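So you can see what is in the structure, the chains are spelled out below.
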Amino acid sequence: MAGHESTYQPKSRFERWLDERLPIARMMHAQFVDFPTPRNINYLWTTGGMLAFFLGVQILTGIVLAMHYLPSANDAFTSVEAIRRDVNYGWLIRNLHAVGASMFFLAVYIHIGRGLYYGSYKAPREVLWILGVVILLLMMATAFMGYSLPWGQMSFWAVTVITNLFSSIDSIVPGLGTRIVQWLWGGFAVSGTTLTRFFSLHYVLPFAIVGVVILHIWALHTVGQNNPTGLEIKTKSDSVPMSPHAVMKDMFGLAVFMVLFTWFVFFLPDYLGHADNYIEANPLSTPPHIVPEWYFLPYYAILRAIPNKLLGVIAMFSSIILLCFVPWLDTSRVRSTKYRPLYKWFFWLFIITVIALGYLGSKPPEGLYVFWARIFTAYYFIHLLLVLPIVGVIETPSPLPRSISEAVLGTSGGHVTVGAPSAPEKR
Amino acid sequence: MTGRFALRPGLTSVGILLGALAAMLAGPARAAEEAHPEIHRQHWSFGGVLGHFDDAQLQRGFKVYTEVCSRCHGVRRLAFRNLAQPGGPSFPEAAVKSLAATYEVDAEPNEEGKILKRPATLADHIPPPYRNDQEARFALNGALPPDLSLIVRARAAEENTPFYRVPDRMVRDVLAAYQEGGADYVYGYLTGYKDPPAGTKLADFMNYNVTFPGHQTAMPNPFLGGDGMVKYDDNTPATVDNYARDVTAFLAWAADPRLEERKHTGVLVVAYIVLTALLLGLAKRRIWREVH
Amino acid sequence: MATESVEEPNRRDFIVIAAQAFAGVGAAVALWPFIQQMNPDASTQALASIEVDLSPVKDGQAITVSWRGKPVFVRNRTAQEVQAAKDVKLADLVDRSARNDALPENTPATDPNRTKKGKENWIVLVGICTHLGCIPKGQSLNDSRGDYGGWFCPCHGSHYDTAGRIRRGPAPRNLEVPTYEFVSDSKIKIG
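Each chain has its residues counted from 1, running along the sequence as written. All chains are assigned letters beginning at A, and all ligands numbers beginning at 1, according to the order in which they are written. It should be noted that, the model being predicted, local features are given only for residues of pLDDT at least 70 and side-chain atom pairs only at 80 or more, the latter also being counted only at that level, while totals for whole chains, interfaces and linings use all residues. Note that the side-chain values use all heavy atoms of the structure and ignore hydrogens as well as water.

Visitor: Please set out the overall build of chain B residue by residue, giving values where relevant.
Guide: The helix and strand labels rest on DSSP assignments: H or I over at least four residues marks a helix, E over at least two residues marks a strand, and numbering proceeds from the N terminus. The helix and strand tally for chain B stands at eight helices and four strands. For chain B, the N- to C-terminal ordering of α and β elements is α-α-α-β-β-α-α-α-β-β-α-α. Only protein chains enter the accessibility calculation, which uses a 1.4 Å probe. A residue is then buried if its area is under 20% of the maximum for its type, exposed if over 50%, and partly exposed in between. By residue count, 42% of the 292 residues in chain B fall in the buried class. By sequence separation, contacts in chain B at least 24 residues apart represent 64% of the contacts at least 6 residues apart. For chain B, the accessible surface area stands at approximately 15,700 Å², while carbon and sulfur atoms represent 59% of it. Throughout, a contact is declared for two residues whenever any of their heavy atoms are within 4.5 Å. Surface accessibility in these figures is a Shrake-Rupley result with a 1.4 Å probe; residues are shielded only by whichever protein chains are displayed.

Okay, structure coming up:
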């Protein structure tokens, strides 16, 4: 919480000297050592630390790959092959980066799902939540441009399809959409010029992500973390210090996630990708089925579900932008879905919807697949625009526990054993 | 569970979902797309967590490549030195050097600016049979034989899995570390040349193949010579089936020459991380003991 | 409840230290590939040595080959050129060190120390002037060879003799003799 008493004690002369000039050690101690963390947060709360770790992995592996990668249409594919075959440990660094992107998105989707379920977006965490959506959008832009860099068939055609979407603006302002698309391409079609600028932007955006992540963590530490009960920390027995408790839990959660990560890196590096991307880009030959990476499939399904080009684009972007408004769309007086017996079902229906849209996005837009994509797209928007406001109002929530400690210990935090300077409970 | 709505939304949601399932199954179960040709999974020595290449098989596969496939298909992402490096066919370096010298590559421009030929060395990439795509198409009635360096990675064994089996299929493939779909496809293709079913109209210069999507491929059966067309130097039976297996294994190596190193390192790394996760879990419980 | 003051869990617990040690060692080992990837890759290392066929190089002729990105002069010296090199007294040399990668640092710069025994007509030199890195002239028939019959660097006027030793001009050292060997009578391997 903002303004909790700093217990930092500089231990050496150097520490005292630095503390008077730049209290960075004091800040780190207050925010990451002594910070009161709800004692009942479960493993879904380890996703934050994972995400910071994976951002670091992507930046480190990306910078190293950029030492060997050649961002030109003639050389890109060959340079990636040289990395896979000749560069010392190139195969490893490349796999870390490619699989790392998927793991990054897996963690972020779990992170967002956690936020949706426990009402982590509700006041006073609205800005925290919106910063999160901004990070998601930056991640998506970065991943989209990054996928173009190997210059395989899927790289090339995915860029062609998605950048072409902007031409739908032509139906609002004739000619403007086409101008925008040519501006993006740097030409009259996707070419090496597009590739080179995507490389530049792909390199720089992650640092914008770092900046927004810093704001995100700042906003978080100002209001404090949410927890499964949705209640605020009231007494010392409700919390544990971040270090070592939460930090060790984060490290354990990360280690388990890394088993999954390394399993893919070493044994299934191409499983999450598409075989067509091992064919060099050919502007004169379109692959039979153009599909994005798995983490874009739900939006792809929404895009294709709407028969009108412009409305499809608007629906696709809205599906993410609408998330910014969730703190206000949700009218519930209660934060955590744990105590919302009616909403709970709709939440899981929403999750099933997103997964179903993901599956449908991987299928050709034909027959029954289109029918179901439309059903699930409809529910996606119904959930955000109708279910959230209406259910919050009509629902009777289950009774909340009196405090976090009560929820965990069954008593109102009677004997206190551990925590920042503990005091006996006063009721 | 308290709250008036406890039971009703549950039933409603479940009802909707069951109805959806029924509708999807009762109606035409698959969309209008044609079902993928069936591809049978083969056993490959390089499959799974402990996968490794069989040097002898790769050497036989290379022989099949040079005698049968190299007439039309290049492997230009392979360098001669790759044939001698560990994790691959592991030919003796001297043998590869002599082999390389039988190929010609462009030299640097001489003093007059002319580009003459010189014998290839270990450092050179294996020259393809055609200088560029246009030359290949000109020689082959418009068909373009793809370079084979990455063919095993660039193909997949598309399966006709109904949607409710997809999670199960994915979990099993991930646990088994199955990534040999490309090899299964290539083997299926090479052994897929059969007589077309009665009534099939074959387009000009096309050949019928059960594995190829659409079933009509410009490539003729490479193994028309039948068993014995390539002489094996070891005791392996020189059958068409073995030619297909061996050349596929060779091409699987060509597409992923660091596979052995990758999987071997992977076993060590995953084991180490599992161990570390275990220790961290115990440490977490130790630290949280008083809190619980 | 615990009787000891339990302000914080006992951090010196073995399991906690062990876990952190494993994680730390893992992280350190994971750093190694990122350092190693900057070393020359396999395709560069494949060109670390090259073989040069000497049969087309007749008496008095010279060729220049590219080795590790650098020009290497290979000259088939005439008997007079060899003799001229041998006749030079060590005291007359600007740089008395042989600058032969196969020999220790302070070996005297005699002609035998800059060539291979039994193959004295062949001289192999890295064709980079030791002054500021230009490529000296003297390989082509029309080139000036300087006042000592070897090579002449047009950039700042360094003169090298027929054994590639600096005789006059701003260059401080003799032209470098790279590591090479005769793999057959008419073929050398450089590097």
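Visitor: Any details on the confidence of the model for chain B? Residues and values, ideally.
Guide: Residues and elements named next belong to chain B. Of all residues in chain B, 88% have pLDDT values of 70 or greater, and the mean over the chain is 89. Per-element confidence in chain B ranges from a low mean pLDDT of 53 for helix H1 (residues 7-26) to a high of 98 for helix H7 (residues 240-255). Each residue carries a pLDDT score, the predictor's confidence in it, ranging from 0 to 100. In this model residues 1-7 is a low-confidence stretch, pLDDT under 50, and it forms 11 contacts with partners more than four residues away in sequence or in other chains. Contacts of residues 25-32 to residues separated by more than four positions or lying in other chains number nine contacts, the stretch itself having pLDDT below 50.

Visitor: A description of the sheet that holds strand S7 (residues 166-168) of chain C should follow, citing residues and the corresponding values.
Guide: All names here are of chain C. A pair of strands is treated as paired once DSSP finds two or more bridges between them. Sheet architecture is open: three strands sit in the order S5-S6-S7, paired in antiparallel fashion. Strand pairing shows two members of the sheet lacking a second neighbour, strand S5 (149-153) and S7, which therefore form its edges. Each neighbouring strand pair of the sheet contributes to a mean axis angle of 35 degrees, computed without reference to strand direction. Note that strand S6 (residues 158-161) and S7 share two bridges and pair antiparallel. For Tyr-160, the partnering residue across the bridge sits in S7 and is Ile-166. Axes, fitted as lines to C-alpha atoms, cover a helix only where it is in contact. Angles between the N-to-C directions of the axes lie from 0 to 180 degrees.

Visitor: Explain the interface of chain B and chain C residue by residue, including any values.
Guide: Of the residues lining the interface, 13 residues belong to chain B; the matching set on chain C comes to 16 residues. Carbon and sulfur atoms make up 75% of the surface buried where chain B meets chain C, a total of about 1,300 Å² over both sides. As a working definition, buried area equals the accessible area (1.4 Å probe) given up by two parts on being put together, with both sides summed. Summed over the three residues of chain B that lose the most area to chain C, namely Tyr-272, Leu-279 and Arg-286 of chain B, the buried surface amounts to 37% of that side. The salt bridge definition used is simple: a Lys or Arg side-chain nitrogen within 4 Å of an Asp or Glu carboxyl oxygen. Across the chain B-chain C interface, the total number found is two salt bridges. Its salt-bridge partner being Glu-51 of chain C, residue Lys-97 of chain B comes within 3.1 Å of it at the nearest N-O pair. In protein, a polar contact means a hydrogen-donor-capable atom and an acceptor-capable atom, both N or O and within 3.5 Å, with residues adjacent in sequence counting only if both atoms are side-chain atoms; elsewhere, any N or O pair within 3.5 Å suffices. The interface formed by chain B and chain C includes four residue pairs in polar contact (both at pLDDT 80 or more). Among the elements that make up the side of chain B that touches chain C, the one with the highest residue count is helix H8 (residues 259-288) of chain B (nine residues). Note that Gly is not counted as nonpolar here; it falls among the polar residues with everything else outside the nonpolar set of Ala, Val, Leu, Ile, Met, Phe, Trp, Tyr, Cys and Pro and the charged set of Asp, Glu, Lys and Arg. Across the side of chain B that touches chain C, the residue classes tally to eight nonpolar, one polar and four charged.

Visitor: Could you give an account of the packing of helix H3 (residues 47-65) of chain A against helix H5 (residues 90-118) of chain A, naming the residues involved and the relevant values?
Guide: Residue and element names in this part refer to chain A. Following both chains from N to C, one finds H3 and H5 inclined at 155 degrees, their axes separated by 9 Å at the closest point. Our classification of the angle between H3 and H5 gives roughly antiparallel. Seen from above, H3 lies across H5 with left-handed handedness. Of the residues that constitute the contact of H3 with H5, the class distribution is 13 nonpolar, eight polar and two charged. When describing relative orientation, an angle under 35 degrees is termed roughly parallel and one over 145 degrees roughly antiparallel, while 65 to 115 degrees is termed roughly perpendicular and anything else oblique. Should the near helix be turned anticlockwise from the far one by less than a right angle, the crossing is termed left-handed; should it be turned clockwise, right-handed.

Visitor: Which residues make up the side chain of Arg-81 of chain B, and what values go with them?
Guide: The topology assignment puts Arg-81 of chain B in the loop between helix H2 (55-69) and helix H3 (93-101). The residues touching Arg-81 of chain B, leaving out its near neighbours within four places in the chain, are Asp-86 of chain A, Leu-122 and Ala-123 of chain B together with Ala-42, Ser-43 and Ala-46 of chain C.

Visitor: An account of the pairing of strand S1 (residues 50-53) of chain C is requested, with residue identities and associated values reported.
Guide: All names here are of chain C. Only one face of S1 is covered, namely the one carrying Ile-50 and Val-52; the face carrying Glu-51 and Asp-53 has none of its residues buried. Relative to strand S9 (residues 187-190), S1 runs antiparallel, the two sharing four bridges. Along S9, the bridge assignment pairs Ile-50 with Ile-190.

Visitor: Lay out the state of the cysteines in plain terms, naming residues and giving numbers.
Guide: Throughout, disulfides are identified as pairs of cysteine sulfur atoms within 2.5 Å of each other. In this structure the tally under the stated criterion is one disulfide over all chains. Each disulfide pairs two cysteine sulfurs, and for Cys-134 of chain C the partner residue is Cys-155 of chain C, the sulfurs being separated by 2.0 Å. Because the sign of the S-S torsion sets the handedness, a value of about -100 degrees for the bond joining Cys-134 of chain C and Cys-155 of chain C places this disulfide among the left-handed ones. With Cys-134 of chain C in the loop between strand S4 (122-126) and S5 and Cys-155 of chain C in the loop between S5 and S6, the pair connects residues that are 21 residues apart, well separated along the chain. On the basis of relative accessibility, which here comes to 38%, the residue Cys-155 of chain C falls in the partly exposed class. Residue Cys-72 of chain B stays outside any disulfide, its sulfur separated by 9.2 Å from that of Cys-69 of chain B, the closest cysteine.

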